[in-house]
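# Examination of the molecular architecture
Single-letter residue listing:
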Amino acid sequence: MSTSQNTIKRALCSFLPRDAVLSSKEELHPYECDGLSAYRRLPLLVVLPETIEQVQRILTTCHEMKVPVVARGAGTGLSGGALPVEDGILLSLAKFNQILDVDTDSCTATVQPGVRNLAISEAVKKHGLYYAPDPSSQIACSIGGNVAENAGGVHCLKYGLTVHNILKLKVITIDGELLTIGSDALDAPGYDLLALMTGSEGMLGVIVEITVKLLPLPERAQVILAAFDNVEKAGDAVGTIIANGIIPAGLEMMDNPAIRAAESFAHAGYPTDAEAILLCEIDGTNEEVSEQIMQVRQLLKNAGATEVRTAKDEKERQLFWKGRKSAFPAVGRISPDYYCMDGTIPRRKLAHVLKRISELSQEYGLSVANVFHAGDGNLHPLILYDANIPGELEKTEELGGKILELCVEVGGTITGEHGVGVEKINQMCVQFQTDELRQFHLVKECFDPLGLLNPGKAVPTLHRCAEFGAMHVHKGELAFPELERF
Amino acid sequence: MSVGDSRQIIREQVLAAFDRKMKLHITGGGSKQFYGRASYGEPLDMRNHSGIVTYDPKELVLTVRSGTTLKEIESTLASEGQLLPFEPPHFGEHATIGGAIATGLSGPRRPYSMSARDCMLGCQLLNGKGEYLHFGGQVMKNVAGYDVSRLVTGSMGTLGVLLQFSLKVLPAPGSMITLVQEHSVEQALNTMHRIKGSPLPVDATCYHEGRLYIRLSGSAGAVESAKSQMGGQVVDDGDRFWQQLREHELDFFKTEKPLWRLSVKPSTPALELEGEQLIDWGGAQRWLISELPEQEIRTATADAGGHAILFRGGDRTGNVFHPLPSSLMTIHERLKNTFDPGAIFNPGAMYASL
Ligand SMILES: Cc1cc2nc3c(=O)[nH]c(=O)nc-3n(C[C@H](O)[C@H](O)[C@H](O)COP(=O)(O)OP(=O)(O)OC[C@H]3O[C@@H](n4cnc5c(N)ncnc54)[C@H](O)[C@@H]3O)c2cc1C
C-alpha cells in the first residue's frame, strides 16, 4: 500500500465503517472499468457510502487532501465515464438504492441515485404509472448514472430524454456543499442548473437524490415490423411517418448484419434476408392507436416495404422489442469483441452516412452492424473486432473516430446518449472550437475550481486538442491554429 | 427564407461595450419589457437579426435567428401542420423568439407536452467577450459538452446575446375541443390530478371561478371518445379561451394590482392566500392577484415545494424572482462572471447581483 493510499484511507476510515472502504487489489478489481472495457485502471480506493452526510465528508476530505474523485453508478457506461483515475478514489453510489417517495397526485417519484432505472417503473406500475426513459441497459443501469449521462432509450422520440423527465436533484459539490437543484414544481428560480447538471458526466457534483416525473401507462401499445430491401428506403419511410404528423413512441432501425445477429440470439422472427427493418411502436388511447396503426401500415407499404407485420399480441410485441434491445449482446456473440459508437445525425443524411460507414468498414477491413434510434437520428454502429489480434483495437478506435467525425461533418454530433467520457475526448476537438471548449472549462471551474471531480473526462484540454489537431489535418485546415504545437 | 444576419454589427456593439465598460439592454419586440427586474443600458436591438435559417418538417427541427417574430414562426410551422410545443405567450404583436427563449415562458400546454427549455436543441450566442459560441446542435439527441443551450434558456439575457436557436417542433394535433365542468376548487384539483395520471388525450387544464376548462387534443377518434368519457359542456370558441389565458387577456388578468406567478408542486391543495387566484398547468401554476406582503406569498409558495415570481406590477427593483440560497447564488454569480466578465448584459434583470 502506497503512503498516499494509506493516508487517505486513514482519513476516510475515521468516519466510514470499515467495510465501506475497499483497498486490496482483489477488492478494487471489479471497479477497474465500466462498460467500455478496453480501458482499465485501478483506483487508489473504492468507497461505498450510504448516507448523504458520509458523501459530504468524503468529498470534503478529498477536497482538503486534493484527491480526485470519480463517481460510479452501475458501471454500464459505454464511454469510460466511470473509469477510475489512479491517484483518486472511486465513489460508488451502489448503496443508495432506495425509492424514497412516490406521489401519485403530482406523478413523481423521489429516489436515490443507485436505484436501477427499471426498478422505478416496476415500483409504480401498480399506480398505472411508469418512468419513460428506457435505455437498453435499464435492468442494470442506475438512475444517477442516467442523469449524469442524460440517458435516452427507444421511447425518447415521444417522451424525451432524461433531462425532460426529471424535476429535482440533490447534488453535493466537491467542497461538501449540498445543493438542491430544480424543485417539486415544474420549474425553478434562477439559471437552469438542472439541465446543466444533466449529462455533466460526474464533472460538476455528485448526485445523491433525484425526483423523476412519472407518466401514465398508455392505454394501448402496438408495434409494427417493416422489412425493406434497401436501407435508403427504410430511412425515407421514417421521415414520411413523421411528416404525416405521427410521433411513434419508438422508431428503430437495424441493418442486415444487426438483424441477423439479433435474430439468431433472440429468435424474434425478424426477416434475416431484409437489408433493413423498422420497428415502429404506436401508443396512446385505443382509438388513436387503431387509427395510427392503419395509417402507418399504409405509409410503410407506400414507402416500398417488402413486408409489414403488426405484432399479433403483447407477447409478440415484447419479442419484437427483445430482438432490438438485445442487439448489443447479440452482436457480442458473433464477434470476439465489438465497439459501440453513438453519433447522432440529421435523419435526411442517413443514406449518405450509412454508405460512408460501409466504405470505411471496407477500408479498415472491419465489419460494422448498425442499430439506429431512427426517429431521433441516433446511430449506433457496432464495429466487430478481435482484441487478441495485435493492433486491431487501435484500428477499431481509429475507424470509430472517423465515423464520429463523419457525424459532425453532416451536421450531427459525436454522442447522442453515451457521453464523451474518455472515449470521445479527441472528437470533442472536432465538434467544438477553442472558445467553446474554454467556456466549458470555465463552467466546470464554477463548481470545481481544483478540477478534482472526474479529471480527464468529457472536455479535452486545449493542449490535447492541439496535439490531436496536428495529427488530424482536416481538409488542409489545421484545427486550433492559434495554439502552439509541441 | 428571409435574410437578416446582423451578427457582425451586434458583435461590434458588444466589443465596444466591453472596452468602454458600458451596459447593454438587449431588446427584441419589446413585448416582455414588463417582465423581470428593472434593468438598464444602451439598447441592443435584435430585431434585424431575423429569419428562419432552416426548417425541414420531417426532421422536426426549426433553426431560426433570435429576432424573428413568433408570428412568422408560428405561421410557417402552421403551413406544415406543425407547432412550437411550448405554446409561448406573445404578450404583444412584435414578440420575438429571442424574447420567448430569454424569458423561458411557456403556455398552457407545458405540463402535458414540453417547456421552452425542453424544446431547446442548440443555440448560438455571443458571450460578454464577443466570442461566438455554439452549443448543442440541430439533432434531438446530443450529449457532447455541458448543456449550455438549456442553461441560457430563461436566463433573462444575462449570460449572453442569444443569436440563433434550433428548436424541436411537433405536429399539431388533428383535433381539439375544450370542455368545461363546474367544480369546487378541491374537485377541480382532484380532476386535474386524475387526468395527469391517466392516459387521456388532455393537453391543457385551467380552473377559475367554479369552472374547470379542459382541452382535449389528438386524433379525432381519441378526442371524441374522451369527450364522452369525461363529460361537461363543449366550449364554442375553445381556442380563444386558451389564447386569452396564454396572453393574459382574460378578465382575471385585467388589474392594476401586482400579479404573482406561483409555481408549485402540482398536488398542492388550494392555497389560502388573500386575493384572486386562477389555477392552470394541472395545478402546477397558480396565478395570484394580491397586495399581500411579498414574504407571505414567498413562504406559502416555498412550503408548496415551489417558488413565486412577481410577474407584473409591484416593485420591479426588489426581488422579482424568488431569492436563491447563498450556495446557489454563489454558483450563479460565478457562471455570470464566466459568460459575461464585464457584466455588460441586462444588468440586474434577474437578480440584483447578476
Ligand atoms: C448493453 C448496454 C446498452 C445500453 N443502452 C443504452 C441506451 O439505450 N441508452 C443510453 O443512453 N445508454 C445506454 N447504455 C449506456 C449506459 O447504460 C448509460 O450511460 C447509463 O446511464 C449509465 O448508468 P450507470 O449507472 O451504469 O453509470 P456509470 O457507468 O456508473 O457512470 C456513468 C457516468 O456517470 C457518472 N455518475 C454515475 N453516478 C453518478 C452520480 N450519482 N453522481 C454523479 N455522477 C455520476 C460517472 O462518473 C460516469 O461519468 C447502454 C449500456 C450497455 C452496457
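Residues numbered from 1 in each chain as written. Chains lettered and ligands numbered in written order. Predicted model: local features only at pLDDT ≥ 70, side-chain atom pairs only at ≥ 80, totals over all residues. Heavy atoms only, no water.

## Quick look at the packing of helix H8 (residues 231-243) of chain A against helix H10 (residues 286-302) of chain A
Residues and elements named next belong to chain A. Contact pair H8 / H10: the axes reach a minimum separation of 9 Å and the direction vectors enclose 145°. Here H8 runs over H10; the crossing is right-handed. Across the interface between the two elements, Ala237, Thr240 and Ile241 from H8 touch Val296, Leu299 and Leu300 from H10. Each residue belonging to the contact of H8 with H10 can be placed in one class, and the counts come to five nonpolar, one polar and no charged. (Axes fitted to C-alpha atoms, helices over the stretch in contact; angles between N-to-C directions. Helix = DSSP H or I, 4+ residues; strand = E, 2+ residues; numbered from the N terminus. Left-handed = near helix turned anticlockwise from the far one by under 90°. Contact = heavy atoms within 4.5 Å. Nonpolar A, V, L, I, M, F, W, Y, C, P; charged D, E, K, R; others polar.)

## Let's talk about the nonpolar core
Formed by 176 residues in total, the largest nonpolar core has its most connected members in Leu193 and Leu300 of chain A together with Ile97 and Leu335 of chain B. No other element matches the seven residues that helix H14 (residues 392-409) of chain A contributes to this core. (Core = buried A, V, L, I, M, F, W, Y, C linked by side-chain atoms within 4.5 Å. Buried < 20%, exposed > 50% of the residue type's maximum accessible area, 1.4 Å probe, protein only.)

## Topic: the sheet that holds strand E10 (residues 206-213) of chain A
All names here are of chain A. The strand order across the open sheet built from five strands is E5-E6-E10-E8-E9, with neighbouring strands paired in antiparallel fashion. Both edges of this open sheet fall to strand E5 (99-103) and strand E9 (178-182), since each of them pairs with a single strand only. The sheet shows a mean angle of 15° between the axes of neighbouring strands, direction not considered. Pairing geometry for strand E8 (residues 166-172) and E10, over six bridges, is antiparallel. If you follow isoleucine 166 over to E10, its bridge partner there is valine 212. Along the sheet, helix H4 (residues 117-124) contacts E5, strand E6 (108-111) and E10; its crossing angle with E5, the most-contacted strand, is approximately 45°. (Pairing = 2+ DSSP bridges.)

## Looking at the packing of helix H9 (residues 256-266) of chain A against helix H12 (residues 327-334) of chain A
All names here are of chain A. Contact pair H9 / H12: the axes reach a minimum separation of 8 Å and the direction vectors enclose 95°. Our classification of the angle between H9 and H12 gives roughly perpendicular. From H9, Ala261, Ala262, Ser264 and Phe265 reach across to H12, where they touch Pro329, Ala330, Val331, Arg333 and Ile334. Each residue belonging to the contact of H9 with H12 can be placed in one class, and the counts come to seven nonpolar, one polar and one charged. (Parallel < 35°, antiparallel > 145°, perpendicular 65-115°, else oblique.)

## Remarks on the site of the ligand
Residue and element names in this part refer to chain A. By nearness alone, 33 residues border the ligand, and Ala71, Gly73, Thr76, Ser137 and Ser142 come closest of all. At 2.8 Å from an oxygen atom of the ligand is found a main-chain nitrogen or oxygen belonging to glycine 75. Relative to its unbound accessible area of 960 Å², the ligand is 94% covered by the protein chains. Contributions of two or more residues to the shell around the ligand are made by strand E3 (69-72), helix H5 (143-149) and E10. If you tally residues by element for the shell around the ligand, the top one is H5, at five residues. Here the residues of the shell around the ligand are counted per class, giving 13 nonpolar, 16 polar and four charged. For the shell around the ligand, the domains that each give at least three residues are domain 1 (3-92) and domain 2 (99-216). (Near = heavy atom within 4 Å. Polar contact = N/O pair within 3.5 Å; in protein donor to acceptor, adjacent residues only side chain to side chain. Areas by Shrake-Rupley, 256 points an atom, 1.4 Å probe, with all protein chains shown as cover. Domains from an automatic or database assignment.)

## Let's talk about the interface of chain B and chain A
Contacts between chain B and chain A engage 72 residues on the former and 84 residues on the latter. A buried area of about 6,400 Å², summed over both sides, lies between chain B and chain A, and 60% of it is on carbon and sulfur atoms. The largest share of the area that chain B buries against chain A comes from Lys141, Val143 and Tyr146 of chain B, three residues that together contribute 15% of it. Two residues, aspartate 192 of chain A and arginine 117 of chain B, come together in a salt bridge whose shortest N-O distance is 2.8 Å. The interface formed by chain B and chain A includes 31 residue pairs in polar contact (both at pLDDT 80 or more). Elements with a contribution of two residues or more to the side of chain B that touches chain A: helix H4 (116-119), strand E7 (132-136), helix H5 (148-152), strand E9 (170-171), helix H6 (185-196), helix H7 (220-230), strand E14 (259-263) and helix H10 (326-339) of chain B. Per-element accounting of the side of chain B that touches chain A gives the leading share, nine residues, to H10 of chain B. (Buried area = accessible area lost by both parts, 1.4 Å probe. Salt bridge = Lys/Arg side-chain N within 4 Å of Asp/Glu carboxyl O.)

## Some details on the domain arrangement of chain A
All names here are of chain A. Entries for chain A in the domain assignment read domain 1 (3-92), domain 2 (99-216), domain 3 (220-329), domain 4 (335-409) and domain 5 (428-477). Summarising the inter-unit geometry, the C-alpha centres of domain 3 and domain 4 are found 22 Å apart. Contacts between the two partners involve 17 residues from domain 3 and, on the opposite side, 16 residues from domain 4. Carbon and sulfur atoms supply 67% of the area that domain 3 and domain 4 bury against each other, a total of about 1,300 Å² over both sides. Ranking the residues of domain 3 by area buried against domain 4 places Met253, Asp255 and Phe328 at the top, with a combined share of 40%. Joining domain 3 to domain 4, the criterion identifies zero salt bridges. Joining domain 3 to domain 4, the criterion identifies five residue pairs in polar contact (both at pLDDT 80 or more). Among the residues making up the side of domain 3 that touches domain 4, the classes are represented as eleven nonpolar, two polar and four charged.

## A closer look at helix H8 (residues 238-246) of chain B
Residue and element names in this part refer to chain B. Buried within H8 are the following residues: Gly238, Phe241, Trp242, Gln244, Leu245 and Arg246. Looking at the packing, one finds that the buried side of H8 touches strand E10 (175-182), strand E11 (202-208), strand E12 (211-218) and strand E15 (276-280). In the segment just after H8, histidine 248 is the residue with positive phi, at about 55°.

## Things to note about the sheet that holds strand E16 (residues 285-289) of chain B
Residues and elements named next belong to chain B. Ordered in space as E13-E10-E12-E11-E15-E16-E14-E17, the eight strands form an open sheet in which the pairing is antiparallel. The outermost strands of the open sheet, each flanked by one partner alone, are strand E13 (233-234) and strand E17 (307-312). Of the strand pairs in this sheet, E11 and E12 are connected by six bridges, and their pairing is antiparallel. Opposite tyrosine 207, over in E12, you have leucine 212 as the bridge partner. Lying over the sheet, H7 contacts E10, E11, E12 and E13, oriented at roughly 155° with respect to E12. Together, E10, E11, E12 and E15 form the strand contacts of H8, whose direction differs from that of E11 by roughly 70°.

## What about the pairing of E7 of chain B?
Residue and element names in this part refer to chain B. Both strand E6 (residues 120-126) and E7 contribute to a ladder of five bridges, which runs antiparallel. The partner of leucine 125 across the bridge, within E7, is leucine 133. Following E6, the chain reverses through five residues before pairing antiparallel with E7; glycine 130 in that reversal takes a positive phi of roughly 75°.

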